[in-house]
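# Descriptive structure summary
Chain by chain, the residues:
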Amino acid sequence: MVKYSYDVILYRNSQKHFNIHNSTIYSKDVFGFNRSALGLVKNLTIKAAAGGPLLKYAAGTTPQPNLTMIYGFVQCTPDLTEQQCSNCLDDAVSRIGSCCFGKLGVRVLLPKCNLRYENYRFYDDRVIVSTPTPTCQGEITRYTHSVPFIVTMVVIFAILVAWICTFIMWRKKETTIQSFETSTTGMSVVEFFEYDFSMVRAATNNFSERNKIGQGGFGSVYKGELEDGRLIAVKRLSMDSGQGEKEFKNEALLAAKLHHRNLVVLLGFCLEGTERLLVYEFVLNGSLDKFLFDPQKRTLIDWDTSYKIIEGVARGLQYLHYDSRLRIIHHDLKASNVLLDDDMNPKITDFGMARSFHTDATEGETRRVVGTYGYMPPEYVMHGQFSVKLDVFSFGVLVLEIVTGQKNQTFRNEDTIFLLSYAWKSWRDGTVTNIIDPVLCNGSYSLEGIFRTIHIALLCVQKHAIDRPTMSSVVLMLSSFSLTLQVPSEPAFYMHNSVTNEGPGVPDEGNKASHFTKNDDSISELTPR
């Protein structure tokens, strides 16, 4: 390594510039591997920092449960003090979480120190030398004359080998998933790391009922306060949860790579025995469903606030579908998975069932249909086909819930028509005002804007996926009133007035067609008044 500068560089720990190279392969046990690798690096840091004035280098291994080994080394330039070396390597370690979580090989290069670990032996044990402790004056003299030459040769050899390996890794490096993504709003990347279980337990008052702020199929969510006063939300996976290890890892890995003002920020995770915890930023006002379906809180959401929520959710989905490095389908968008901050800005959460694609992929199929009935489109419920249009359908249902103040799963009116059917019938007959929640008309509002939003929602819940717009188109339609909208046809799961149905409006597992009645009547397309 060669360095020159117009300023003094000895005994100065510059961390302004850095470079990271990493493997593209993830460990099968990403959390266990990451914990073992960082533990190895931490132990080597202590040894290297105390390496004396001529050699600050340490290498070693740590075993894995599957009988494999992790090999690592750390190194500082000899001019650094013990504390400076330790600080430099700690800074290098802190950069691993933002790019290389769970990857089998990582190398971090800073101007005054570097570290590396791999799942194979990449160094020669012969370069690891120990400095003997002199016992008499003669040995001290002999040591003084021989050590500088030996150390110099060893350091040169180690640096040469390290840079050759770095060059090879750089040539092999792919650009699939390399780092936390920075959002288009310019928000800074938040460090993602492993929390100590005792710290989280203390922050949540031992997961007390008083601190519980949410409950779902995965387990419970608790409010916590760290020692520095920062508020957090802790998602605790229960032992009997419908979600398991796969969903936990999926949510952790995906959420850590996403960063957008309309997505909740995942700060880190915690693993302790059977405990599985995800630590999120605390969002003050909780979930949207607490406002939509609560008679008292519902009055706090006027049309301006509702429109801000709708537009924010649309932009969050647009980021997931098109602006992040991977094309991500949220797969479970609903009111309870949208959080509201202190300014009532929406933040999409819960990525346990999310699916990621490479940017050139558009759709897929599965035999395991999971999600929330009432928010899933027919092609997914009936045939297991999923695409970004799955989220578009869920978004349309959510918008209709916001406008009507009614929950799709439990909506009933005098004619036992479901929410999508009722909204479509009202739009077709020109009686859209019948479905608008009067609360939205408090304060300033635009009736034309509400009508247009209902129109967009109906386009999103079309029966066929190809007829639904993309989220990019939805964002454009919401922001541009001059854009002409297409005329929607009847939505998915459309029910006639004469049809009685005791089910939830979606097919059950036994008879996928039992809850549906085919509409053979022709209906003229009418423009609403």
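Everything here concerns the structure above.
Notes on the structure follow. (Residues numbered from 1 in each chain as written. Predicted model: local features only at pLDDT ≥ 70, side-chain atom pairs only at ≥ 80, totals over all residues. Heavy atoms only, no water.)

What follows is about the overall build of the protein. Along its length, the protein carries 12 helices and 17 strands. In the protein, the proportion of contacts linking residues at least 24 apart, taken out of those at least 6 apart, comes to 68%. As displayed, the protein offers around 25,900 Å² of accessible surface, 53% of which is attributable to carbon and sulfur atoms. (Helix = DSSP H or I, 4+ residues; strand = E, 2+ residues; numbered from the N terminus. Contact = heavy atoms within 4.5 Å. Areas by Shrake-Rupley, 256 points an atom, 1.4 Å probe, with all protein chains shown as cover.)

Counting residues in each nonpolar core, the largest one holds 84 residues, and the members touching the most others are Leu288, Val313, Phe395, Ile454 and Val474. Non-local contacts of Leu288, meaning those with residues more than four positions away in its chain, are made with Ile301, Ile309, Ala335, Val338, Leu340, Leu398 and Ile402. Counting 27 residues, the second largest nonpolar core, distinct from the first, contains Ala37, Cys76, Leu89 and Leu104. (Core = buried A, V, L, I, M, F, W, Y, C linked by side-chain atoms within 4.5 Å. Buried < 20%, exposed > 50% of the residue type's maximum accessible area, 1.4 Å probe, protein only.)

The full count for this structure, using the stated rule, is two disulfides. Cys76 shares a disulfide with Cys85; S-S distance 2.1 Å. Every disulfide takes its handedness from the sign of the S-S torsion; for Cys76 and Cys85 that torsion is 85°, giving right-handed. In terms of burial, Cys76 and Cys85 fall into one category: buried. With its sulfur 2.1 Å from that of its partner, Cys88 forms a disulfide with Cys113. Residues Cys88 and Cys113 are joined by a disulfide whose S-S torsion is about -85°; by sign, that bridge is left-handed. With Cys88 in helix H2 (residues 82-94) and Cys113 in strand S5 (residues 113-118), this pair connects stretches of sequence that are 25 residues apart. We classify Cys88 as buried; its relative accessible area is 0%. Looking at Cys113, the relative accessible area reads 1%, which means it is buried. (Disulfide = S-S within 2.5 Å.)

Most of strand S11 (residues 275-281) is tucked away: six of the seven residues are buried. Direction of pairing for strand S10 (residues 266-272) relative to S11: antiparallel, over a ladder of six bridges. Bridge assignment links Leu271 to a residue of S11, and that residue is Arg276. What sits between the antiparallel neighbours S10 and S11 is a turn of two residues, in which Gly273 has the positive phi angle 65°. (Pairing = 2+ DSSP bridges.)

Attention now moves to the packing of helix H7 (residues 303-323) against helix H12 (residues 471-479). Close contact between H7 and H12 brings their axes to 8 Å; oriented N to C, the two are set at 150°. With respect to each other, H7 and H12 are oriented roughly antiparallel. When the axes of H7 and H12 are compared, the crossing they make is left-handed. Residues Tyr307, Ile310, Glu311, Ala314, Arg315, Leu317, Gln318, His321 and Tyr322 of H7 form the contact with H12, whose participating residues are Met471, Ser472, Val474, Val475, Leu478 and Ser479. (Axes fitted to C-alpha atoms, helices over the stretch in contact; angles between N-to-C directions. Parallel < 35°, antiparallel > 145°, perpendicular 65-115°, else oblique. Left-handed = near helix turned anticlockwise from the far one by under 90°.)

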